[in-house]
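# Survey of secondary and tertiary structure
Below are the chains, spelled out letter by letter.
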Amino acid sequence: MSGLMCHLRRHGVVLVWLPVLLLFPLLNLSSDTLPALGQVVLVLGLAAAAVALVVTGRVLVLLPVLVVLIGLAAMQGEGWQTVWGVLAIVSPAVLRGWRLVVAIVAAAAGVAVSIAVIEGIGDAYLLSVGGVLLSGVTTTSFLRLVEAVEELRRTREELALAAVAEERARMSRDLHDLLGHTLSVMVVKAQAVRRLAPRDPDAAAAHAADIEEVGRAALTDVRAAVDQMKTLSLPEELAGARRALDAAGIRTSVTAVPAEVPDIAGQALAWVVREGATNVLRHSGAASCRFELTADGDELRLAVVDDGVGGPPDSGARSGGLEGLRQRLLAVDGRLDVRPGADGFRLEARVPAS
């Protein structure tokens with residue numbers, strides 16, 4: 001039903017010209033009653049065939065019927081040749097390509113022959129033939145424009161839906177990466193507080209202050225992510241990851257060779273640092289971890305390597321985690337390699353240097 005309504009909305013406009021084209025035959029009915037009634041029936045049948053053709057699109061059945069009725073009507077006398085215009089304006093609604101060209105040319109040829117036979121070639125002959133030809137071309141152009149506008153409208157709606165879905169996925173990744181890392185740090189520091197409280201209250205208080213600072217930073221990060229303004233700094237993330245891993249008793253080293261990292265690449269790699277540190281804290285059980293940032297030709301390479309038992313389980317089943325990180329890198333033409341092995345876990349990201 002919706003498809004039929006869409007078809008009528010695009011093509012039904014051609015039927016507006018049907019009463020105009022059939023008005024001239026009705027003004028030139030026979031003076032005898034019986035022939036006049038037959039002519040009225042012929043006009044009504046022609047109109048019904050044209051409407052049915054546009055509404056149903058059944059070309060193989062209705063188009064030949066319409067052509068026969070138009071041919072019969074055109075031979076009724078002077079003033080009836082405008083019926084060929086019906087074929088010219090209806091054809092663009094149901095035909096495409098060479099079939100449409102044939103129909104429009106047939107309409108122009110039909111009016112040319114019928115006028116020559118019925119009225120003879122006069123001053124308005126070329127005007128009448130050209131008018132039918134022009135009506136077919138104009139109607140075709142108008143309908144194709146309407147179809148193009150409809151297609152653009154549908155495309156715009158699809159793009160809007162895709163943009164909403166992408167924004168939801170982005171927010172999901174942001175919240176996962178922001179809160180996952182921060183909460184992991186808070187858990188590690190809370191464990192340190194619990195261990196140190198009985199024997200070293202000062203150190204426990206220092207870790208508790210860190211928990212408060214991390215919590216406030218997390219709140220700021222969440223607000224910034226909601227406001228769509230969250231950006232990360234690669235040096236800050238490396239320093240923060242080192243502090244968090246050291247607090248968890250994991251020996252951490254950072255090797256950063258490039259002196260300058262572009263902003264877009266730096267932000268993408270900062271997310272790698274955050275996700276890598278989170279995974280080391282949560283899943284690895286590692287004793288040591290190292291971050292290696294190097295320049296490799298026209299690429300920047302960041303590797304997060306630990307000596308633990310492996311990476312997160314089923315990381316590809318969720319929208320966040322490594323899968324979310326992979327999507328972030330793809331957005332800047334980068335890539336992510338995950339290499340679990342017997343001697344630990346390696347997370348390596350590559351992004352263009354420019």
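See the structure above.
Remember, predicted model here, so these are calculated numbers, not experimental data.

## Thoughts on the overall build of the protein
In terms of regular secondary structure, the protein is built from 11 helices and 5 strands. Burial analysis of the protein (354 residues in total) assigns 43% to the buried set. Considering only residue pairs separated by 6 or more positions, the protein has 70% of its internal contacts joining residues 24 or more positions apart. Summing over all exposed atoms, the protein offers an accessible surface of approximately 18900 Å²; the carbon and sulfur share of this is 63%.

## Brief notes about unusual backbone geometry
Note: most residues except glycine have negative phi, and most peptide bonds are trans. Despite not being glycine, Asp 333 shows a phi value in the positive range, around 65 degrees. Positionally, Asp 333 belongs in the loop between helix H11 (321-331) and strand S4 (335-341).

## Comments concerning the pattern of salt bridges
The tally for this structure, following the rule as stated, stands at 15 salt bridges. Note that Arg 144 is salt-bridged to Glu 147, the shortest N-O span being 3.5 Å. Of this pair, Arg 144 and Glu 147 both sit in helix H7 (residues 125-196), 3 residues apart, which is roughly one turn of that helix. Residue Arg 144 is classed as partly exposed on the basis of its relative accessible area of 23%. For the salt bridge of Glu 237 with Arg 274, the shortest nitrogen-to-oxygen distance reads 3.0 Å. Here Glu 237 is found in helix H9 (residues 234-247), whereas its partner Arg 274 is found in helix H10 (residues 263-284), with 37 residues between them in sequence. Each member of the pair, Glu 237 as well as Arg 274, carries the same accessibility label: buried. Here the salt bridges share partners, and the residues they tie into one network are Asp 296, Glu 299, Arg 301, Arg 335, Asp 337, Arg 339, Arg 346, Glu 348 and Arg 350.

## Observations concerning the packing of aromatic side chains
A full pass over the atoms with the stated rule returns 0 aromatic pairs. Lying across the ring of Trp 271, Arg 328 places its NZ or CZ 3.8 Å from the centre.

## Structural notes on the packing of H9 against H10
H10 packs onto H9 with a crossing angle of 10 degrees between their chain directions and a minimal axis gap of 8 Å. Here H9 is positioned roughly parallel relative to H10, judged by the angle of their axes. Contacts between H9 and H10 involve Leu 234, Glu 237, Leu 238, Ala 241, Ala 244 and Leu 245 from the first element and Gly 266, Leu 269, Ala 270, Val 273, Arg 274, Ala 277, Val 280 and Leu 281 from the second. Here the contact of H9 with H10 is built from residues that sort into 11 nonpolar, 1 polar and 2 charged.

## Overview of the nonpolar core
Counting 44 residues, the largest nonpolar core has Leu 22, Leu 46, Leu 53, Leu 66, Ile 70, Val 86 and Val 90 as the members making the most contacts within it. Of all the secondary-structure elements, those providing two or more residues to this core are helix H2 (18-27), helix H3 (33-56), helix H4 (59-74), helix H5 (84-94), helix H6 (97-118) and H7. Ignoring sequence-local partners within four residues, the contact set of Leu 22 consists of Val 43, Leu 46, Ala 47, Val 83 and Val 86. With 34 residues, the next largest nonpolar core counts Leu 238, Ala 270, Val 304 and Val 351 among its residues.

## Considerations on the pairing of strand S3 (residues 299-306)
For S3, the tally of buried residues reaches 8 of 8 residues, placing the bulk of the element in the interior. Going residue by residue along S3, you find Glu 299, Arg 301, Ala 303 and Val 305 tucked away on one face and Leu 300, Leu 302, Val 304 and Asp 306 tucked away on the opposite face as well. Across 8 bridges, strand S2 (residues 288-296) lies against S3 in antiparallel orientation. When the bridges of S3 are listed, Arg 290 appears paired with Val 305. Between S2 and S3, which pair antiparallel one after the other, the connecting turn spans 2 residues, and Gly 297 there sits at a positive phi close to 65 degrees. Note that S3 and strand S5 (residues 344-352) share 8 bridges and pair antiparallel.

Quick notes on the rules
- Residues numbered from 1 in each chain as written.
- Predicted model: local features only at pLDDT ≥ 70, side-chain atom pairs only at ≥ 80, totals over all residues.
- Heavy atoms only, no water.
- Helix = DSSP H or I, 4+ residues; strand = E, 2+ residues; numbered from the N terminus.
- Buried < 20%, exposed > 50% of the residue type's maximum accessible area, 1.4 Å probe, protein only.
- Contact = heavy atoms within 4.5 Å.
- Areas by Shrake-Rupley, 256 points an atom, 1.4 Å probe, with all protein chains shown as cover.
- Salt bridge = Lys/Arg side-chain N within 4 Å of Asp/Glu carboxyl O.
- Phe/Tyr/Trp six-rings, centres within 6.5 Å; stacked < 30°, edge-to-face > 60°.
- Lys NZ or Arg CZ within 6 Å of the ring centre and 35° of its normal.
- Axes fitted to C-alpha atoms, helices over the stretch in contact; angles between N-to-C directions.
- Parallel < 35°, antiparallel > 145°, perpendicular 65-115°, else oblique.
- Nonpolar A, V, L, I, M, F, W, Y, C, P; charged D, E, K, R; others polar.
- Core = buried A, V, L, I, M, F, W, Y, C linked by side-chain atoms within 4.5 Å.
- Pairing = 2+ DSSP bridges.

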